[in-house]
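So you can see what is in the structure, the chains are spelled out below.
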Amino acid sequence: MSVIFPKWMNALPTLGAMASVGGLLTVVVGTWYWATPDFFKVGYSPIQPGSGFNHQIHAGKLGMDCRYCHTKIEQSPEANIPNVATCYGCHAPQRVNGSISLATDQKVQFIRDAYDGDKPIEWRRVHKLPDYVRNFPHDVHLSAGVSCYSCHGQIVSMPQVYEAKGLGMGFCLDCHRHPETAIVPKDKVTDLLWVQGELTARAKGEGTVNTQELLGRLWNTPPQQCGACHQ
Ligand code: HEC
Ligand code: HEC
Ligand code: HEC
Ligand code: HEC
Ligand code: HEC
């Protein structure tokens, strides 16, 4: 054996082990820092109460604007979820004889029960940043021309909302360093199909928007210093 394998080679397994531990550490730290949270959260989609709420039907097929329900999103850091009265406006029993079918009638009974009982529907939260991240501002992003599409994916084709992007720190910073990849005219932020088309074309260098002009109109450059997002 010793003739075939020179003595220095005995060190190889140790070196190999050290190298792979080092490599593993890099991977573990790198993953912890940039990717783990995303990896665990992408696809998260809790079961909602009753028959749930279908964005594909309401925002897609029926073409309702996001702001019909998420009414305060341009004025407030938080995105509000609509109350039962908003749903009841279309799903009250007397509205059934119009275009809404009997099958739909049964599916919306939970809305009427909540409305009659004066109770909220307990929608389950899909997107949630950890507490050590300071108040995330929806209003600032929307007025800067960042679309819901960039952070929540193609909501209008989701029968049940799921977390499309991990919303981890690397995700935030990638855009803060390169806002030109995502920025659109302010009046297009809730037109998710248009935005998807534009951003897909832009990635191929075929976008139609003058991004330099839009960036020039920003109040501030997107922050990268820790204090902007952490206490
Ligand atoms: C008819 C009302 C209505 C409209 C229109 C609507 N939504 Fe919603 N949205 C809801 C309700 C109710 C929920 C809570 C239930 C759920 O998560 O599916 C919700 C949840 C969401 C969530 C997940 C919230 C969380 O818990 O993290 C996102 C993201 C969202 N909506 C984005 C949009 C976007 C983008 C549009 C426009 C393309 C839109 N919504 C249009 C009613 C609406
Ligand atoms: C502007 C009117 C309007 C509002 C507001 C509205 N809906 Fe609807 N909804 C409809 C219509 C129209 C249909 C039937 C669509 C179809 O059959 O293709 C429907 C269908 C549904 C269905 C059955 C579809 C399915 O298969 O899942 C549910 C459940 C429902 N809506 C829940 C809600 C909830 C919850 C809200 C409030 C957050 C709400 N809707 C607000 C118009 C509305
Ligand atoms: C720059 C990224 C970004 C954009 C753009 C964005 N969101 Fe969000 N959204 C988030 C993050 C991050 C959260 C979780 C916030 C938290 O935990 O404080 C969230 C949460 C939500 C929630 C849940 C709020 C709650 O309290 O239950 C809704 C609803 C929502 N967004 C809707 C929208 C709609 C509609 C648009 C477009 C009009 C939009 N968002 C644009 C990143 C974004
Ligand atoms: C797709 C692009 C994009 C993504 C993703 C994004 N941002 Fe931003 N963000 C911007 C832009 C553009 C601005 C600059 C807005 C301005 O000042 O006009 C901004 C500004 C901010 C500000 C400063 C607000 C102020 O009052 O000046 C905070 C805080 C912030 N973002 C937090 C976040 C967090 C946290 C995330 C991840 C969950 C995130 N952003 C994801 C584009 C993005
Ligand atoms: C644009 C907003 C933003 C800025 C700027 C930012 N962070 Fe974060 N950071 C986040 C978000 C969002 C998370 C939550 C990730 C998640 O979902 O777990 C986070 C998570 C973290 C974590 C927990 C580990 C992890 O990735 O989950 C540490 C540590 C951290 N940040 C440190 C820093 C330091 C140090 C700086 C300055 C160099 C900084 N952050 C700047 C948004 C930001």
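Structure's up top.
Position numbers for residues count from 1 along each chain, tracking the sequence in the order it is written. As a convention, the first chain written is A and the first ligand written is 1, with the rest following in written order. Local features in this predicted model are restricted to residues of pLDDT 70 or higher, and side-chain atom pairs are both shown and tallied only at a pLDDT of 80 or more, whereas totals for entire chains, interfaces and linings draw on every residue. Only heavy atoms go into the side-chain values, all of them from the structure, while hydrogens and water stay out.

1. Comments concerning the overall build of the protein chain
Keep this limit in mind: Each helix is a run of H or I in the DSSP string that is no shorter than four residues. Each strand is a run of E no shorter than two, and both are numbered from the N terminus. Using a 1.4 Å probe on the protein chains alone, a residue whose accessible area is under 20% of its type maximum counts as buried, one over 50% counts as exposed, and one in between counts as partly exposed. Contacts are assigned to residue pairs that have any heavy atoms within 4.5 Å of one another. Note on areas: these come from Shrake-Rupley sampling with a 1.4 Å probe, and a residue is covered only by the protein chains present in the view.
For the protein chain, the helix and strand inventory stands at eleven helices and zero strands. Along the protein chain, helices and strands appear, N-terminal first, in the series α-α-α-α-α-α-α-α-α-α-α. Counting only residues that meet the buried cut, the protein chain has 29% of its 231 residues in that class. Partitioning the intrachain contacts of the protein chain with sequence separation of at least 6 by distance along the chain shows that 70% fall at a separation of at least 24. Carbon and sulfur atoms make up 61% of the accessible area of the protein chain, which amounts to about 15600 Å² in all.

2. Section: the coordination of the iron atom of ligand 3
Octahedral six-donor coordination of a metal ideally yields angles of 90 or 180 degrees, compared with 109.5 degrees for tetrahedral four-donor coordination. Operational definition: Donor selection uses N, O and S atoms within 2.8 Å of the metal (3.2 Å for Na, K and Ca). Since no water is included, sites may look incomplete. Only two sets of limits are used to name each site, 85 to 135 degrees for every angle of a tetrahedral four-donor site, and over 155 degrees for opposite donors with all other angles from 65 to 115 for a square planar four-donor or octahedral six-donor site, with any other site named irregular.
The protein atoms donating to the iron atom of ligand 3 are His-138 (NE2) and His-152 (NE2), with metal-donor distances spanning 2.0 to 2.1 Å. Coordination at the iron atom of ligand 3 is octahedral: its six donor atoms span angles of 87 to 179° at the metal. Residue His-138 is found in helix H7 (residues 138-143), and its partner His-152 is found in helix H8 (residues 148-152); the two are separated by 14 residues along the sequence. In this pair, the class of His-138 matches that of His-152, namely buried.

3. Here we look at the coordination of the iron atom of ligand 1
Here the iron atom of ligand 1 is held by the protein donor atoms His-55 (NE2) and His-70 (NE2), which lie 2.0 to 2.1 Å from it. The coordination sphere of the iron atom of ligand 1 comprises six donor atoms, whose angles at the metal cover 88 to 179°; the geometry is octahedral. Of this pair, His-55 sits in helix H2 (residues 55-61) while His-70 is found in the loop between helix H3 (66-69) and helix H4 (84-91), placing the two residues 15 residues apart along the sequence. Note on His-55: relative accessible area 15%, which makes it buried.

4. With respect to the pattern of salt bridges
Just so we agree on the cut-off: Within this document, salt bridges are pairs made up of a side-chain nitrogen of Lys or Arg and a carboxyl oxygen of Asp or Glu, the two lying within 4 Å of each other.
Under the criterion given, the structure shown has five salt bridges. Linking Glu-74 and Arg-67 is a salt bridge whose minimum nitrogen-to-oxygen distance equals 3.1 Å. Take Glu-74: its relative accessible area is 35%, and that puts it in the partly exposed class. Residue Arg-112 pairs with Asp-105 through a salt bridge whose shortest N-O separation is 2.5 Å. Judged by relative accessible area, which is 6%, Arg-112 ranks as buried. Through salt bridges that share partners, Asp-65, Arg-67 and Glu-74 make up one connected network.

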